[in-house]
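Report on the structure
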Amino acid sequence: MARTAADTAVGRGVTEGPAPSRVVVCRDCCCGTVKVAGDHRTQTARLRSAVPMRVSECLDVCEQANVIVVQPSAEARRGGARPVWLGLVNDPDATEDIIAWVNAGGPGVAPMPAILDLYVFVPNQRSARV
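Reading the values: the criteria
Residues numbered from 1 in each chain as written. Predicted model: local features only at pLDDT ≥ 70, side-chain atom pairs only at ≥ 80, totals over all residues. Heavy atoms only, no water. Pairing = 2+ DSSP bridges. Helix = DSSP H or I, 4+ residues; strand = E, 2+ residues; numbered from the N terminus. Axes fitted to C-alpha atoms, helices over the stretch in contact; angles between N-to-C directions. 1 Å grid on protein atoms, 1.4 Å probe; cavity = no way out; pocket = protein on both sides within 12 Å on 5 of 7 lines; lining within 4 Å. Points joined across faces, edges and corners; volume = space filled by probe spheres on them. Nonpolar A, V, L, I, M, F, W, Y, C, P; charged D, E, K, R; others polar. Core = buried A, V, L, I, M, F, W, Y, C linked by side-chain atoms within 4.5 Å. Buried < 20%, exposed > 50% of the residue type's maximum accessible area, 1.4 Å probe, protein only. Contact = heavy atoms within 4.5 Å.

Let us look at the sheet that holds strand β3 (residues 68-71). Across the sheet, four strands lie side by side as β2-β1-β3-β4; this open sheet has mixed pairing. The open sheet has two edge strands, β2 (53-56) and β4 (84-86), and neither has a second partner. The mean inter-strand angle of the sheet, taken between neighbouring strand axes irrespective of direction, is 20°. Two strands pair when backbone bridges link them, and strand β1 (residues 22-26) and β2 are joined in this way by four bridges, in the parallel orientation. If you follow Val24 over to β2, its bridge partner there is Arg54.

Structure, rendered in structure tokens:
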């Protein structure tokens, strides 16, 4: 029997219904490698266990490694919410703040924890197409 998106979401903090906010985690040439300090496998596993996520190849903002993009839900995007780019996310507490925000609804739905302001950056035009 084929698995559906709802089946794979079970146990990951994802509720049924409209597509929720999700995260994109860069893991390529700099992000997630020994070039940047941190426990990248644990961070990726923790995000995967708690929120809808996908791993991306290089997002072309290596100077901001580790990069996580929080994408709004489809409904929030229709209301004007845009992806939030977070850089230098190498602290497990920041990862937990991102998880809490995404599970609360993410961009356009829930206020971003103030501490995450320290990680927000504006990507170059090429990278912004995530």
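Having seen the structure, we can now continue with the description.
A word on empty space enclosed by the protein. Counted under the stated rule, the structure contains one cavity of 30 Å³ or more. Put simply, the largest cavity is a space of about 30 Å³. Lining the largest cavity are Cys26, Asp28, Cys29, Cys30, Cys31, Cys58, Leu59, Asp60, Val61 and Cys62. When the residues that make up the lining of the largest cavity are grouped by side-chain class, the tally is eight nonpolar, no polar and two charged.

Turning our eyes to something else, we now look at the nonpolar core. Core analysis: the biggest nonpolar cluster contains 19 residues, and Val23, Leu47, Ile68, Val70 and Ile98 have the highest contact counts within it. Elements supplying a minimum of two residues to this core: β1, α2 (40-50), β3, β4 and α4 (92-104). In contact with Ile68, not counting residues within four places along its chain, are Val23, Val24, Val25, Gln43, Leu47, Val84, Trp85, Leu86, Val89 and Ile98. Core analysis: the second largest hydrophobic core is formed by twelve residues, Leu59, Val67, Val69 and Phe121 among them.

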